[in-house]
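# A look at the structure
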Amino acid sequence: MKELLSKNGLVTALLATGLVMLASAWISARLTGKRIPMAAIAIFAGLLLAYLGGLYTNGKNGIADVSIFSGFTLMGGSMLRDFTIVATAMGATFEEMKKAGWAGFISLLLGVVVAFFTGVALAFAMGYEDVKSMATIGAGACTFIVGPVTGAAVGASSEVIALSIAAGVFKSIMVTIGTPWIARFIGLNNPQSAMVYGGLIGTTSGVAAGLAATDPRLVPYGAITATFYTGLGCLLCPSVLYLILQQLL
Amino acid sequence: MIYGIAVLSACFLLGQLIGTWLGLWLGIDANVGGVGFAMVFLILSNQWLRTRKLFTADMEGGIVFWSNLYIPVIVAMSATQNVKGAISGGWMALLAGTIPTALCVLLIPVLSRRKANDPKEMAQAS
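Our next topic: the nonpolar core. Within the largest apolar cluster, 123 residues are counted, with the highest numbers of intra-cluster contacts made by A:V86, A:F116, A:I137, A:A212, A:C237 and B:I74. Top contributing element to this core by residue count: helix α12 (residues 219-248) of chain A, with 14 residues.

Structure below.
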């Protein structure tokens, strides 16, 4: 049985995810009166499973490190994630996107710069005083890809790089859980604000999951700006922002 | 249905290609906006095919199938995150992951409201 499930990993993952979503739909309808959307509960359940998987196996890939659930690596990997995000563009229109225009671009730039320098300030406050470590942690505050890319580029220690990844993963998790709760207060209910949100927050997985839990119609708009964020972060953090930081200290 | 999926795949691969090239050109080992470009291509080919009446309900079904799988894929992705690692990263990771994000969140109304107050927008709306 175990061998069968491992061998057909992707199918097992589809079944397991289906069951998680069924249970989440039930919890959403019966226990919360649909006040918490099903997607939000399902995504949270996913994170919980990832934590349990990590506890059980001491691995880095959450539930996917448990052999019968290895198919989650494929199902939740970047290929299918990006493929399905692109498919959501079917529900988006150019007219809506044009309206965000400059605000979308500025939000991308501000998103990277603000996250970087706040991260740097926090690192300094916590006792990191060398430029390399501070820049790497600042970059980790952008996304969990920008952190290690910057760390490797400036030659930070592996502990600091690991820390920057953890910071980025934390950001992604916080955004996933937090977005549905704060959406109302920040006016996140139309395509334009979703594009600004995607640009300012940037962590593609967090933005995509957070918007899915808030209102699935907003996903393509947030994703289209967020997809440029990691690239921009990888471009700016180890170069311009690192040099500015060096000059400041 | 497979034609729809093929259109989607073509847009996806083209976007990835451009994203990778852009990354190479900028000298960074990352895909810059590949998903964004792919989405633009999909919207364009969607409109192009529709105006020529080549876009069948069957083709749309192929693309909608994948876009509906989006949330389950995100759930699966959440289940493969290194949550334990993030928690064991301690306070530094927690603070660096949340406080900068909170600041950026506060900027959202500022940037999106500016647009709403744009007089041209108001004129169009009224």
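We now examine the interface of chain B and chain A. Each partner contributes residues to the interface: chain B has 62 residues there, and chain A has 89 residues. Put simply, the parts of the chain that give the side of chain B that touches chain A at least two residues each are α1 (2-25), α2 (34-51), α3 (57-68), α4 (70-78), α5 (83-88) and α6 (90-116) of chain B. Looking at which element gives the most residues to the side of chain B that touches chain A, the answer is α6(B), with 20 residues. Among the residues making up the side of chain B that touches chain A, the classes are represented as 41 nonpolar, 18 polar and three charged.

Model confidence for chain A is summarised by a mean pLDDT of 87, while 100% of its residues fall at 70 or above. For chain A, per-element mean pLDDT is lowest for helix α1 (residues 2-7) of chain A, which scores 84, and highest for helix α7 (residues 131-140) of chain A, which scores 93.

Below, the discussion takes up unusual backbone geometry. Positive phi, close to 65°, is recorded for A:N58, a residue that is not glycine. Mapped onto the elements of the fold, A:N58 is located in the loop between α3 (38-57) and α4 (72-75). Taking the number of C-beta atoms within 10 Å as the measure of exposure, A:N58 has 10 and is therefore exposed. Of note in the backbone geometry, B:K53 takes a positive phi value of approximately 55° without being a glycine. By secondary structure assignment, the location of B:K53 is in the loop between α2 and α3.

Let's shift gears to the environment of A:L241. Residue and element names in this part refer to chain A. Turning to its location among the elements, L241 is positioned in helix α12. For the pair formed by L241 and G138, sequence separation is 103 residues and the distance between their alpha carbons is 9.8 Å. Among all residues touching L241, those that are not within four sequence positions of it are F116 and L236.

Procedures and definitions
- Residues numbered from 1 in each chain as written.
- Chains lettered and ligands numbered in written order.
- Predicted model: local features only at pLDDT ≥ 70, side-chain atom pairs only at ≥ 80, totals over all residues.
- Core = buried A, V, L, I, M, F, W, Y, C linked by C-beta atoms within 7 Å.
- Buried ≥ 20, exposed ≤ 12 C-beta atoms within 10 Å, placed from the backbone.
- Helix = DSSP H or I, 4+ residues; strand = E, 2+ residues; numbered from the N terminus.
- Contact = placed C-beta atoms within 7 Å.
- Nonpolar A, V, L, I, M, F, W, Y, C, P; charged D, E, K, R; others polar.
- pLDDT = per-residue confidence, 0-100.

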